[in-house]
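Structural overview for review
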Amino acid sequence: MGRNVALLMLVAVVMLSGCVAKSDFLAKVSELDGVKKDLASLDAKQKGTEKSLADEKKKSDDLTAKVADLEKQKAALQQENANIKSTLELSRSQLSKEVVALKNKIDENSARIKVLEDELAAKNTEIAQLKAQADQLAQEKERAIASVKNTYDSLLTELKQEIKEGEIQITQLKDKLTVNMVDKILFDSGSAVIKKNGEKVLDRVGEILKGVTGRQIKVEGHTDNVPISSRLAERFPSNWELSTARATMVVRYLQGRGVNPGVLSAEGYAEFRPVSPNDTDEGKAANRRIEIVLIPQEVNK
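None of the values given here were measured: they were computed from a predicted structure.

Regarding its fold elements, the protein presents 6 helices and 5 strands. The helix and strand sequence of the protein, counted from the amino end, reads α-α-α-β-β-α-β-α-β-α-β. A burial count over the protein gives 24% of its 301 residues as buried. The contacts in the protein between residues at least 6 apart in sequence include a share of 67% that link residues at least 24 apart. As displayed, the protein has an accessible area near 20,600 Å², and 57% of this comes from carbon and sulfur atoms.

Below, the structure written as structure tokens:
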């Protein structure tokens, strides 16, 4: 529009400047038409260029928006990566701590296992020693029983007449041997002095017992339940004193026959360990007795 106004003004100037030839005028008009066409063409090109510029600007704006969006996505991804990295670092640190803790636990368990293995080895050694001791004790017990059996057989042979007459009983229970002698074979009634015939019996018993080893020899005195008579009360106030005195006399006699006094002992039980009821003469006679008991030295009766 601006170019058309300028063209008209140019024509007006030409006309005002004086008369011109028609041919020149027409040439100028024709030239003016060409200029007008050129101007129109330029306008069209300008509009095309402006439209192109607008399109390019729109594209540029779209690209800018896309770039901004991509920048946001990039920032979000970078933040996510940073978070993941932080989480990984934290997890790695935690795992490292757990690995260290587990390794310490393994070391602790290994040390404990070593202690238990040492204890187990010690216990196995102790068990082996105890088994060896048990085997040794079993062998010693078997030998002791065999020895007691030999003593038992020797006493049976040596005292067979007294055994036959019921004056002596000999019993063996595993490694315990008991020689039960009725009191009349050794003592007169109410006396603690060994009779001559009793000494002969004890001589034979002592000869066998002095060869016995590893045994404790206990001599036990027993009475019936008849109280001590008044004539004996001054010497033996009760059956306790009488039973103990008789046991002591037998011990002293056996010691004199060579039996080791270190394994001898004397005990009196009065009437309180009867082997038969005291309501018959036979029962009372059975209860009045001396018992020589052989037991292992480490065992108390």
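What follows continues from the structure just given.
The next thing to look at is the nonpolar core. Within the largest apolar cluster, 32 residues are counted, with the highest numbers of intra-cluster contacts made by Met-181, Leu-209, Val-250 and Ile-292. Broken down by element, the residue count for this core peaks at 5 residues, all from helix H4 (residues 196-209). Those residues within four positions of Leu-209 in sequence are excluded, and the remaining contacts are Ile-217, Leu-254, Val-259, Ile-292 and Leu-294.

With mixed pairing, 5 strands are arranged side by side in an open sheet as E1-E2-E5-E3-E4. Of all strands in the sheet, those bounded by a partner on one side alone are strand E1 (168-173) and strand E4 (264-268). Each neighbouring strand pair of the sheet contributes to a mean axis angle of 15°, computed without reference to strand direction. Here 5 bridges tie strand E3 (residues 215-222) to E4, and the two strands are oriented parallel to one another. Following the sheet pairing, Glu-220 is matched in E4 by Glu-267. Its contacts with the sheet put helix H5 (residues 239-256) on E3, E4 and strand E5 (289-296), and the angle it makes with E4 is roughly 165°.

Further remarks concern the pairing of E1. Across 6 bridges, the pairing between E1 and strand E2 (residues 176-182) is antiparallel. Considered in E2, the bridge of Gln-169 is made with Asn-180. Linking E1 to E2, which pair antiparallel, is a turn of 2 residues; within it Lys-174 sits at a positive phi near 55°.

Bringing the packing of H4 against H5 into the picture now. Helix-helix packing: each pair is described by the crossing angle between the helix axes and the interaxial distance. Closest axis-to-axis distance for the H4/H5 pair is 9 Å, and the angle between their directions is 60°. Judged by the angle between their axes, H4 and H5 are oblique. Of the two elements, H4 crosses H5, and the hand of that crossing is right-handed. Here Glu-199, Leu-202, Asp-203, Gly-206 and Leu-209 of H4 lie close against H5, whose contacting residues are Val-250, Tyr-253 and Leu-254. Partitioning the contact of H4 with H5 into residue classes produces 5 nonpolar, 1 polar and 2 charged.

Here the focus is H4. Its 14 residues give H4 an end-to-end C-alpha distance of 20 Å, which sits within 8% of 20 Å, the value for a rise of 1.5 Å per residue. Within H4, the full set of buried residues consists of Gly-198, Val-201, Leu-202, Val-205, Gly-206, Ile-208 and Leu-209. All buried residues of H4 fall inside an arc of 155° around its axis, so they share one side. Of the exposed residues in H4, those oriented more than 90 degrees away from the buried face are Lys-196, Asn-197 and Lys-200.

Conventions and cut-offs
- Residues numbered from 1 in each chain as written.
- Predicted model: local features only at pLDDT ≥ 70, side-chain atom pairs only at ≥ 80, totals over all residues.
- Heavy atoms only, no water.
- Helix = DSSP H or I, 4+ residues; strand = E, 2+ residues; numbered from the N terminus.
- Buried < 20%, exposed > 50% of the residue type's maximum accessible area, 1.4 Å probe, protein only.
- Contact = heavy atoms within 4.5 Å.
- Areas by Shrake-Rupley, 256 points an atom, 1.4 Å probe, with all protein chains shown as cover.
- Core = buried A, V, L, I, M, F, W, Y, C linked by side-chain atoms within 4.5 Å.
- Pairing = 2+ DSSP bridges.
- Axes fitted to C-alpha atoms, helices over the stretch in contact; angles between N-to-C directions.
- Parallel < 35°, antiparallel > 145°, perpendicular 65-115°, else oblique.
- Left-handed = near helix turned anticlockwise from the far one by under 90°.
- Nonpolar A, V, L, I, M, F, W, Y, C, P; charged D, E, K, R; others polar.
- Expected span 1.5 Å × (residues − 1).
- Arc of directions from axis to C-beta.

Nothing here speaks to function; it is all geometry.
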